[in-house]
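Architecture at a glance
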Amino acid sequence: YLTCILYLTPKVWKPEDGGYLRCYLGCDSNDDDGYSANTVIDIAPLFGRLVVFKSQQVLHEVLPTYRPNRLAVTAWLLKDDNSRITKESDR
């Protein structure tokens, strides 16, 4: 799955408002908590920011939000296992 998040949080956002997307990079395949992550990245929900990542490969969570209007649009792009992307030269 490819996850796409577009943040629509109002432009006045402060770090203490919370709502970060936390991504745990380089985790072991059996890690559900992020304890084995090589790197942890916190992404602020800034207005207009687009975040795209492979959600089955990047362990992630949304941290607590301390303001009522943290807004985002999320889309998941899925690929059917039977589908195939073709190039013009394949036709």
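These lines cover the structure that appears in this document, whether it is placed above or below.

What follows is about the sheet that holds strand S2 (residues 21-25). Within the open sheet, the 3 strands sit side by side as S3-S2-S5. Their pairing is antiparallel. The two strands at the open ends of the sheet, each matched to only one other strand, are strand S3 (39-43) and strand S5 (59-62). Here the strands of the sheet are splayed against their neighbours by 20° on average, with no regard to which way each runs. Bridge count for S2 against S3 is 5 bridges, and the pairing is antiparallel. Bridge pairing in S3 places Cys23 opposite Ile41.

Its location among the elements puts Asp17 in the loop between strand S1 (2-7) and S2. On the accessibility criterion, Asp17 (9% relative accessible area) is buried. Along the sequence, Asp17 and Arg70 sit 53 residues apart, while their C-alpha atoms lie 8.8 Å from each other. Beyond its immediate chain neighbours, meaning those up to four positions away, Asp17 contacts Val12, Pro64, Thr65, Tyr66 and Arg67.

Scoring rules and cut-offs
- Residues numbered from 1 in each chain as written.
- Predicted model: local features only at pLDDT ≥ 70, side-chain atom pairs only at ≥ 80, totals over all residues.
- Heavy atoms only, no water.
- Pairing = 2+ DSSP bridges.
- Helix = DSSP H or I, 4+ residues; strand = E, 2+ residues; numbered from the N terminus.
- Axes fitted to C-alpha atoms, helices over the stretch in contact; angles between N-to-C directions.
- Buried < 20%, exposed > 50% of the residue type's maximum accessible area, 1.4 Å probe, protein only.
- Contact = heavy atoms within 4.5 Å.

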